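# Residue-level structural notes
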Amino acid sequence: MGQRLSGSRSCLDVPGRLLPQPPPPPPPVRRKLALLFAMLCIWLYMFLYSCSGSCAAAPGLLLLGSGSRAAHAPPALASGRDGPPSRLPFPAAPATQLAPGGETAEGAASQEEQSPEAPDSPSPISSFFSGSGSKQLPQAIIIGVKKGGTRALLEFLRVHPDVRAVGAEPHFFDRSYDKGLAWYRDLMPRTLEGQITMEKTPSYFVTREAPARISAMSKDTKLLVVVRDPVTRAVSDYTQTLSKRPDIPSFESLAFRNRTAGLVDRAWSAIQIGLYAEHLERWLRHFPARQLLFVSGERLVRDPAGELGRVQDFLGLKRIISDKHFYFNQTKGFPCLKKAEGSGRPHCLGKTKGRPHPEIDGQVLRRLRDFYRPFNRKFYQMTGHDFGWD
């Protein structure tokens, strides 16, 4: 029996190659790297998902160049309401410039200077989520006026997380209306629910067809008009043209049909644009006064936070833009935002902002002030606000 036991084969004696072998364990380093990579992917997905709605509207900083939605009700007449008292006592800045040459004002192409950065360039994260949000027709438009401070107002508003705006001027309602609303909508940035889509084209205010065309798009569109002293605006307008065409005639010769008789040339666009009351009459045929807000270009320089408070209320936005967003640039003489949109660094708007005006004869300026006075007073009555230009 002992022989039989010793001669028999135990299951323990079966050669190893006949049994299934477990795979060798992966090296510890590879296993750790695989785990780390999986965790990184999960974290990145969660981060991008949480940021997709907010990173595209990062706060921003710029220099004023010349120049979650709340349930705030817009004022009965937006232009007649002053914002809260200034908490940022900026000294009065030198008047900025605007410009036409010899073209007529009606339908004239706006030459409002563009911001140096790429218009409405998306951040890397918003590009990653290119399918996020949708393109909408604008609910609010800055319609004018040229050389009033429209660029500054737009860039300041883009600091607000609930505002998405086109950086360049679309010129749809004055130059490209035949391309259709689908073309126009495609120019707009993508927005999420609760965000406002905006654009600005200052020449709309003096374009005869613009009020009816915008009303046909939407009767609920909110309209913003940045206005400033029409005499200062005209000189600023001329200064911009002079910088591009040094051979143009003098301001005095363009401003008067007959200087001896003191006859002002209303056909010159630099003069025509400043007849605010006449242009406003056309807009009021298509929009109620409560849908227009008149922003003071002078106050936008002197007290940007106060004027932006009025604008945020008018647009039904929570008051997020405040004094803390601004600093005053002593060299340029204008307020800046502390961070540009999508950037963590300060930025001053426009190299030409603060450009000195040419010397204009005092009698010429007095004659122009006399010319504009009745138009200004009518404009004050129409808007319910005295801008103090007289």
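Model, not experiment: these values are computed from the prediction.

The subject of this paragraph is the packing of aromatic side chains. Applying the stated rule across the entire model yields 21 aromatic pairs. Between the aromatic rings of Phe379 and Trp389, the centroid separation amounts to 6.2 Å while the plane-to-plane angle is 10 degrees, which identifies the pairing as stacked. Of this pair, Phe379 sits in helix α13 (residues 362-383) while Trp389 sits in the segment after α13, and the two are ten residues apart along the sequence. When its relative accessible area of 0% is taken as the criterion, Phe379 is described as buried. For Trp389, a relative accessible area of 7% translates into the label buried. Ring pairing ties together the aromatic residues Phe172, Phe173, Tyr177, Trp183, Tyr184 and Tyr204, which thus form one cluster. Lys222 extends its terminal NZ or CZ atom over the ring of Phe314, reaching a point 5.5 Å from the ring centre.

Looking now at the pattern of salt bridges. All told, the structure shown has 15 salt bridges when counted by the stated rule. Glu169 serves as the salt-bridge partner of Lys200, at 2.8 Å between the closest nitrogen and oxygen. Highlighted residues: Lys200 in strand β5 (residues 196-200) and Glu169 in the loop between β3 (163-165) and α5 (181-186), separated in sequence by 31 residues. When sorted by exposure, Lys200 lands in the same class as Glu169, which is buried. In this structure, the salt-bridge partner of Asp313 is Arg319, at a minimum N-O distance of 2.6 Å. Salt bridges sharing partners connect three or more residues here, namely Arg299, Asp303, Glu307 and Arg310.

Our next topic: the packing of helix α4 (residues 150-157) against helix α12 (residues 304-314). Here α4 crosses α12 at 75 degrees, and the two axes come no closer than 11 Å. One finds that α4 runs roughly perpendicular with respect to α12. Here Leu153, Phe156 and Leu157 of α4 come into contact with α12, specifically with Pro304, Leu308 and Val311. Tallied by class, residues from the contact of α4 with α12 come to six nonpolar, no polar and no charged.

A separate point is the pairing of strand β6 (residues 222-227). Burial of β6 is extensive: five of the six residues sit out of reach of the surface. Note that strand β2 (residues 140-144) and β6 share four bridges and pair parallel. Note on β6: the bridge partner recorded for Gly144 is Val225. The pairing of β6 with strand β9 (residues 292-296) spans five bridges and is classified as parallel. Bridging from a neighbouring strand, Val226 pairs with Val295 of β9.

To continue, consider the UniProt feature "active site" (unreviewed entry) in the protein. The feature "active site" (unreviewed entry), as annotated in UniProt, sits at Lys147 in this numbering. Tracing the chain through its elements places Lys147 in the loop between β2 and α4.

Overall, parallel pairing links the five strands, which are arranged β3-β5-β2-β6-β9 in an open sheet. Each edge of the open sheet carries a strand with a single partner, namely β3 and β9. Neighbour-to-neighbour, the strand axes of the sheet open up by a mean angle of 25 degrees, direction not taken into account. Inspection of the sheet shows β3 paired to β5 by three bridges, in the parallel sense. The residue of β5 that forms the bridge with Ala165 is Met198. Contacting β2, β6 and β9, helix α10 (residues 276-284) runs over the sheet at an angle of about 155 degrees to β9. Along the sheet, α12 contacts β6 and β9; its crossing angle with β9, the most-contacted strand, is approximately 170 degrees.

Rules of the game
Residues numbered from 1 in each chain as written. Predicted model: local features only at pLDDT ≥ 70, side-chain atom pairs only at ≥ 80, totals over all residues. Heavy atoms only, no water. Phe/Tyr/Trp six-rings, centres within 6.5 Å; stacked < 30°, edge-to-face > 60°. Helix = DSSP H or I, 4+ residues; strand = E, 2+ residues; numbered from the N terminus. Buried < 20%, exposed > 50% of the residue type's maximum accessible area, 1.4 Å probe, protein only. Lys NZ or Arg CZ within 6 Å of the ring centre and 35° of its normal. Salt bridge = Lys/Arg side-chain N within 4 Å of Asp/Glu carboxyl O. Axes fitted to C-alpha atoms, helices over the stretch in contact; angles between N-to-C directions. Parallel < 35°, antiparallel > 145°, perpendicular 65-115°, else oblique. Contact = heavy atoms within 4.5 Å. Nonpolar A, V, L, I, M, F, W, Y, C, P; charged D, E, K, R; others polar. Pairing = 2+ DSSP bridges. UniProt positions renumbered as here; feature names shortened; annotations may be inferred.

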